[in-house]
Amino acid sequence: MSKVVETRSMLLQVLILVFFFFSAFVKNGNAGITSTFIRSEWPSNDIPLDNEVFEVPKGHNAPQQVHITQGDYNGKAVIISWVTPDEPGTSKVQYGVSKNYDFTAEGTVRNYTFYNYTSGYIHQCLVDGLEYDTKYYYKIDSGDSYREFWFQTPPKINPDIAYKFGIIGDLGQTYNSLSTLEHYMQSGAQAVLFVGDLAYADRYMYNDVGIRWDTWGRFVERSAAYQPWMWSAGNHEIEYMPDMGEVIPFKSYLNRYPTPHLASKSSSPLWYAIRRASAHIIVLSSYSPFVKYTPQWEWLRKELKRVDREKTPWLIVLMHVPIYNSNEAHFMEGESMRAVFEEWFVHYKVDVIFAGHVHAYERSYRISNIHYNVSGGDCYPVADKSAPVYITVGDGGNQEGLAERFRDPQPDYSAFREASYGHSTLEIKNKTHALYHWNRNDDGKKVSTDAFVLHNQHW
């Protein structure tokens, strides 16, 4: 018995040592790592339209492309969206804590055109007044066919509550995308923070643009119908195609993927904030005006002041274009947003900023470049304990392929980088610590590759 106790004691000491090693690694900014891993890459081609992953549900006018997102500021509501392909049907959602479905909510319906494509009937229904930490069943009935799903509401907002987020970006609809999605669904995460570039439908022309939005909606339904995906828009959602007569930015995205922007007093669905469990999550739009006095700038200035770290100690920001990126792809594209917002991120001690856009993975140390100006000051990033960790996860699997050319030498601010497909998880343990993992898709297998303990900036 004493040997068992001694063994357990030694194991505990080892775990503590590992814990402090990772803590020091993140805090002190040791030499960064450029992974030498080279994968035998699957072709970055979109999955054929007749593949089973895009299967249309059986039944006349059956609801499809079902997905949910948080519907309010504090996690007691969801917005349920779906498409009926042939006719409007009803926009009602039946829901309850059992399949008796004791409650009903009424939504809205719309459709839109893009070139000569006309979408199906897009339904969006706010289901609010929910109880925290409760499993709800819901039923969508088109009048001729119905489908049933479920979701779990988050725990009540509390600084010490545990919660696990998944982070995915630049997903697309290739076999690599499928690998990422299937691996994510095995992670045990409870909600997705999506950092932009969804369907890559803009890689197509004419009616195929709309068709590829439909296939992507059916593709992600296996996850997005059962847990909330928090959306942010990337460059592939802009769809500015004047040769086809389409000049309204984000037309398809805004029709299909609602956000709870009004709950955070935002004037646009492209930027908003939510509180969930012990996290305050801010979503920014890299492709909307953000310089001083613009609506997004004014909104963020006020939203940061609303953050209460006593209730939601974890402050997380999502954007599409990374502020710090040492890949040749999209190098310094985030510099304009950095110049505008970085000082705020440091002042309010943002814990972590997730971005996509670059089709590779990279994590920074805590650094800032807030002393730079055109007439003087430091012109390079320096270690800063008040700064966020910047993480790029634009490696979901889209058809454009990997961004394999990193700049050499590796900058001092870059902790780890690798050109592979994958997804991340952020597992909040309490108000002081969270566990972060990046999981590589290694030829279809999930491989945990980069991991560290994230220390909360406030506590």
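Everything quoted here is computed from the prediction, not taken from an experiment.

**A look at the sheet that holds strand β6 (residues 108-110)**
Consideration 1: Taken in spatial order, the 4 strands line up as β2-β3-β9-β6 in an open sheet, and their pairing is antiparallel. For this open sheet the edge positions go to β2 (64-70) and β6, each flanked by a neighbour on one side alone. Averaged over all neighbouring strand pairs, the angle between strand axes comes to 20°, with direction disregarded.
Consideration 2: Examined bridge by bridge, strand β3 (residues 78-84) and strand β9 (residues 121-127) share 7 bridges and lie antiparallel to one another. Each bridged residue has a counterpart across the sheet, and for I79 the counterpart in β9 is L126.

**Description of the nonpolar core**
Consideration 1: In terms of nonpolar packing, the biggest core is built from 90 residues, with W216, F219, W229, L284, F345 and F354 touching the most fellow members.
Consideration 2: Here this core takes 6 residues from helix α3 (residues 208-224), the largest share from any one element.
Consideration 3: The contacts of W229, once residues within four sequence positions are left out, are I68, T69, I168, L171, L181, V192, F194, V220, S223 and A224.
Consideration 4: Listed in part, the 17 residues of the second largest apolar core include I68, V78, I80 and A225.

**Comments concerning the sheet that holds strand β10 (residues 135-141)**
Backbone hydrogen bonds are what pair the strands of a sheet, in a parallel or an antiparallel way.
Consideration 1: Read across the open sheet, the 4 strands follow the order β5-β4-β10-β11; overall the sheet is antiparallel. With one partner strand each, in any of the chains shown, β5 (103-106) and β11 (146-152) form the two edges of the open sheet. Strand-to-strand, the axes of this sheet are offset by a mean angle of 25°, without reference to chain direction.
Consideration 2: The pairing of strand β4 (residues 92-96) with β10 spans 4 bridges and is classified as antiparallel. Following the sheet pairing, Y95 is matched in β10 by Y138.

**Quick word on the pairing of β9**
Consideration 1: With 5 of 7 residues buried, β9 is to be regarded as a mostly interior element.
Consideration 2: Where β6 and β9 come together, 3 bridges link them in antiparallel fashion. When the bridges of β9 are listed, V109 appears paired with H123.

**Observations regarding helix α2 (residues 175-185)**
Consideration 1: Among the 11 residues that make up α2, 8 are buried, leaving the element largely enclosed by the rest of the structure.
Consideration 2: Measuring from the side-chain oxygen of the N-cap residue of α2 to the backbone nitrogen of N176 gives 3.1 Å; that N-cap residue is T174.

**A few points about the UniProt feature "domain: Calcineurin-like phosphoesterase" (unreviewed entry) in the protein**
Consideration 1: Per the UniProt annotation, the sites labelled "domain: Calcineurin-like phosphoesterase" (unreviewed entry) are residues 164-361.
Consideration 2: Annotated as 30% helix and 16% strand, the span residues 164-361 places its first and last C-alpha atoms 20 Å apart.

**What about the pattern of salt bridges?**
Consideration 1: This model, assessed by the stated rule, comprises 13 salt bridges.
Consideration 2: A salt bridge links R301 to E298, with the nearest nitrogen and oxygen atoms 2.7 Å apart. Here E298 and R301 lie together in helix α5 (residues 295-306), a separation of 3 residues that amounts to about one turn.
Consideration 3: Residue class for E298 comes out partly exposed when judged on its relative accessible area of 24%.
Consideration 4: In this structure, K429 and E427 form a salt bridge, with 3.0 Å as the shortest nitrogen-oxygen distance.
Consideration 5: Residue classification places K429 among the partly exposed positions, given a relative accessible area of 39%.
Consideration 6: Given the relative accessible area of 24%, E427 is considered partly exposed.
Consideration 7: Put simply, E335, R338 and E342 are held in one network by salt bridges that share partners.

**Re the packing of aromatic side chains**
Consideration 1: Per the stated rule, a full pass over the model turns up 32 aromatic pairs.
Consideration 2: When the centroid spacing of 4.7 Å and the interplanar angle of 65° are considered together, the rings of W231 and Y257 count as edge-to-face. Of this pair, W231 sits in the loop between β14 (229-230) and α4 (251-256) while Y257 is found in the loop between α4 and β15 (272-276), placing the two residues 26 residues apart along the sequence. Neither residue differs from the other here; W231 and Y257 are each classed as buried.
Consideration 3: An aromatic cluster of at least three residues, connected via ring pairs, comprises Y95, F103, Y136, Y138, F149, W150, F151 and Y226.
Consideration 4: Over the face of the ring belonging to Y146 we find K139, whose NZ or CZ atom lies 4.2 Å from the ring centre.
Consideration 5: Stacked on the ring of F331, the Lys or Arg R407 has its end atom at 3.9 Å from the ring centre.

**So, unusual backbone geometry**
Consideration 1: The linkage connecting D408 with the following residue, P409, adopts the cis geometry, with an omega of 5°.
Consideration 2: The topology assignment puts P409 in the loop between β22 (389-393) and β23 (414-418).
Consideration 3: Positive phi, normally seen in glycine, also occurs at Y200, with a value near 55°.
Consideration 4: Along the chain, the position of Y200 falls in the loop between β13 (191-194) and α3.

**Side note on the environment of R366**
Consideration 1: Tracing the chain through its elements places R366 in the loop between β19 (361-364) and β20 (367-368).
Consideration 2: In this structure R366 comes out as buried when scored by relative accessible area, which is 11%.
Consideration 3: Residues R366 and P388, 22 residues apart in the sequence, show an inter-C-alpha distance of 5.5 Å.
Consideration 4: If we ignore the near neighbours within four places in the chain, the residues touching R366 are V350, D351, V382, A383, D384, K385, A387, P388, V389, L454, H455 and Q457.
Consideration 5: Within the structure, R366 has its side chain in polar contact with the backbone oxygen of D351 (distance 3.1 Å).
Consideration 6: Only 3.1 Å separates the side chain of R366 from the backbone oxygen of H455, close enough to count as a polar contact.

**Describing the packing of α2 against α3**
Consideration 1: Closest axis-to-axis distance for the α2/α3 pair is 10 Å, and the angle between their directions is 15°. As far as their axial angle goes, α3 and α2 are roughly parallel. For α2 against α3, the interelement crossing comes out left-handed. When α2 is examined against α3, the residues S177, L178, L181, Y184 and M185 are found in contact with a partner set consisting of F219, V220, R222 and S223.

The rules we used
Residues numbered from 1 in each chain as written. Predicted model: local features only at pLDDT ≥ 70, side-chain atom pairs only at ≥ 80, totals over all residues. Heavy atoms only, no water. Pairing = 2+ DSSP bridges. Helix = DSSP H or I, 4+ residues; strand = E, 2+ residues; numbered from the N terminus. Axes fitted to C-alpha atoms, helices over the stretch in contact; angles between N-to-C directions. Core = buried A, V, L, I, M, F, W, Y, C linked by side-chain atoms within 4.5 Å. Buried < 20%, exposed > 50% of the residue type's maximum accessible area, 1.4 Å probe, protein only. Contact = heavy atoms within 4.5 Å. Polar contact = N/O pair within 3.5 Å; in protein donor to acceptor, adjacent residues only side chain to side chain. UniProt positions renumbered as here; feature names shortened; annotations may be inferred. Salt bridge = Lys/Arg side-chain N within 4 Å of Asp/Glu carboxyl O. Phe/Tyr/Trp six-rings, centres within 6.5 Å; stacked < 30°, edge-to-face > 60°. Lys NZ or Arg CZ within 6 Å of the ring centre and 35° of its normal. Parallel < 35°, antiparallel > 145°, perpendicular 65-115°, else oblique. Left-handed = near helix turned anticlockwise from the far one by under 90°.

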